[in-house]
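Summary of structural features
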Amino acid sequence: MTAAPLARLHRSELAVPAIRPELFPKAAAGLADAVFLDLEDSVPEAEKDRARANAVAALAGIDWGRKILAVRVNGQDTPHFYKDVIALLEAAGDRLDVIMIPKVGDPREVFAADLLFSQIEASAGRARRVGLGLVIETAKGLANVEAIATASPRNESLHLGVADLAASLGMRTTAIGGLNPDYASPAGLLDPWHFAVSRVITAGRAAGLRPIDGPYGDFRDAEGLEAAARRGRALGAEGKMVIHPNQVATLNTAFQPDEKEVVQARRVLAAMEAARLEGRAAVALDGKLLDIASIRQAEAMVAKAERAA
Ligand code: 1VU
Ligand code: MG
């Protein structure tokens, strides 16, 4: 049996550079289900200390409501990682839900992080264990994703980092997410992210973690964003990262079942209940097969809709 992921809404996850504290109240007041304050790639090297201090102050100093609140620290291959973690866990209070680690490549890195977190939590007398969000964005991380996903009981979510992954794999693009006109069949465009998204979703679901699809950098292209969200949700992604507030509403809608889907799921459950009372497990509804697997599909759909409501 695989543990179900923590039942938290995680349709949209807004990145906020920690070097721009004027954005924090806007992010807190917005509708993103999750916010991460970024200490990594949106912060220049010379500003790392200032960004860290901004994040520590904001965790306790701003009302983040019921959002998943995360900080993306610098990678374990940098001199900043331990300072980020110590500052966050020693000084930032209990509101912090998740520390996101970028560029995770090997399960031993997760183990090492867990060890450091445990020591600081014990030393600081923290009441709450912080969760881990692991960003899969290197060839190594993608190759080791199953082992990474099960490397710590703190693990909560896997996040696909499309820009770094493209660089690491040598994909010929400078765009962040989306389709590539070069990657097509005679019938039309294909999805160059399909393998990576599927791999992260499979590893995440198998380990009971929430799989979060990568961002779509072209924040003025609402149509492209929605199409990307539909592809991710069709494969099982729980949500998607966003880099701009104008992308949040599209994802909140895309990643929750619409009314038609919920009505259909309830019809399936009713038909299967009637079948059960007749001693049957496989029946037809509207000319299509239903069996016990249909109950699981429909229940998952209804549960997701209820969580969003
Ligand atoms: O209307 P207002 O002036 O009050 O607000 C602006 C702006 O301040 C605000 N806004 C944001 N608020 C919260 N969080 C954000 N991330 C955010 N971005 C913007 O929204 C209003 C409209 O903004 P804008 O269209 O004028 O946008 P800017 O030109 O100010 O900023 C655009 C960028 C893309 C630079 C900005 O959105 C940004 O920095 N996004 C996040 C980048 C980031 O965190 N990158 C790292 C994580 S993603 C990753 O690693 C994969 C590549
Ligand atoms: Mg990255």
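Definitions and limits used
Residues numbered from 1 in each chain as written. Chains lettered and ligands numbered in written order. Predicted model: local features only at pLDDT ≥ 70, side-chain atom pairs only at ≥ 80, totals over all residues. Heavy atoms only, no water. Helix = DSSP H or I, 4+ residues; strand = E, 2+ residues; numbered from the N terminus. Buried < 20%, exposed > 50% of the residue type's maximum accessible area, 1.4 Å probe, protein only. Contact = heavy atoms within 4.5 Å. Areas by Shrake-Rupley, 256 points an atom, 1.4 Å probe, with all protein chains shown as cover. Lys, Arg positive; Asp, Glu negative; His and termini not counted. Charge placed at Lys NZ, Arg CZ, Asp CG, Glu CD. UniProt positions renumbered as here; feature names shortened; annotations may be inferred. Donors = N, O, S within 2.8 Å, 3.2 Å for Na, K, Ca; no water. Near = heavy atom within 4 Å. Polar contact = N/O pair within 3.5 Å; in protein donor to acceptor, adjacent residues only side chain to side chain. Nonpolar A, V, L, I, M, F, W, Y, C, P; charged D, E, K, R; others polar. Axes fitted to C-alpha atoms, helices over the stretch in contact; angles between N-to-C directions. Left-handed = near helix turned anticlockwise from the far one by under 90°. Salt bridge = Lys/Arg side-chain N within 4 Å of Asp/Glu carboxyl O.

With that settled, the discussion passes to the overall build of the protein chain. Tallying secondary structure elements over the protein chain gives 12 helices and 12 strands in all. Burial status across the protein chain gives 46% buried among its 309 residues. A separation of at least 24 residues holds for 71% of the contacts in the protein chain among residues at least 6 apart in sequence. Here the protein chain has roughly 15,000 Å² of accessible surface; of this, 56% comes from carbon and sulfur atoms. Here the protein chain contributes 37 positive and 40 negative side-chain charges, whose respective centroids are spaced 2 Å apart.

Further remarks concern unusual backbone geometry. Excluding glycine, residues mostly carry a negative phi; peptide bonds, for their part, are mostly trans. Of note, the phi angle at Lys 103 is positive, near 55°, even though the residue is not glycine. Among the secondary structure elements, Lys 103 is positioned in the loop between strand S4 (98-101) and helix H4 (107-124). Phi is positive for Asp 286, which is not a glycine, with a value near 55°. Mapped onto the elements of the fold, Asp 286 is located in the loop between strand S11 (283-285) and strand S12 (288-290).

Using the residue numbers shown here, the UniProt feature "domain: HpcH/HpaI aldolase/citrate lyase" (unreviewed entry) corresponds to residues 14-245. Taken end to end, residues 14-245 is 41% helix and 18% strand, and its two terminal C-alpha atoms sit 7 Å from one another.

Around a metal, the perfect tetrahedron of four donors has angles of 109.5 degrees, and the perfect octahedron of six donors has angles of 90 or 180 degrees. For the magnesium ion (ligand 2), every protein donor is listed as Glu 137 (OE) and Asp 164 (OD), and the spread of their distances is 2.0 to 2.2 Å. With Glu 137 in the loop between strand S5 (131-136) and helix H5 (139-143) and Asp 164 in helix H7 (residues 162-169), the pair connects residues that are 27 residues apart, well separated along the chain. Given a relative accessible area of 2%, Glu 137 falls into the buried group.

Turning next to the site of ligand 1. Contacts to ligand 1 come from 17 residues, most closely from Ala 15, Leu 23, Lys 26, Ile 243 and His 244. Interatomic distance of 2.9 Å between a backbone N/O atom of Ala 15 and a nitrogen atom of ligand 1. Within the contact set of ligand 1, a nitrogen atom lies 2.7 Å away from a backbone nitrogen or oxygen of Ile 243. Among the residues making up the shell around ligand 1, the classes are represented as 11 nonpolar, two polar and four charged.

For the pair helix H3 (residues 81-91) and H4, the least separation of the axes is 9 Å and the interaxial angle reads 35°. Judged by the twist between their axes, the crossing of H3 over H4 is right-handed. Judged by residue contacts, Phe 81, Tyr 82, Val 85, Ile 86, Leu 89 and Glu 90 of H3 engage Ala 113, Leu 116, Phe 117, Ile 120, Glu 121 and Ala 124 from H4. Among the residues making up the contact of H3 with H4, the classes are represented as 10 nonpolar, no polar and two charged.

Topologically, Asn 54 is positioned in helix H2 (residues 48-61). For Asn 54, a relative accessible area of 17% corresponds to the buried category. A polar side-chain atom of Asn 54 sits 2.8 Å from the main-chain carbonyl oxygen of Ala 18. Residues contacting Asn 54, with those up to four places away along its chain left out, are Ala 18, Ile 19, Pro 21 and Phe 24.

Two side chains carrying opposite charge are able to pair once their charged atoms lie near each other. Scanning the model with the defined rule gives 27 salt bridges in all. Between Arg 108 and Asp 106 there is a salt bridge whose closest N-O contact spans 3.0 Å. The class of Arg 108 is exposed, set by a relative accessible area of 64%. Residue class for Asp 106 comes out buried when judged on its relative accessible area of 10%. A salt bridge links Glu 306 to Arg 266; its shortest N-O distance comes to 3.8 Å. Of this pair, Glu 306 sits in helix H12 (residues 292-308) while Arg 266 sits in helix H11 (residues 259-277), and the two are 40 residues apart along the sequence. Salt bridges sharing partners connect three or more residues here, namely Asp 38, Glu 40, Asp 41, Arg 72, Lys 103 and Asp 164.

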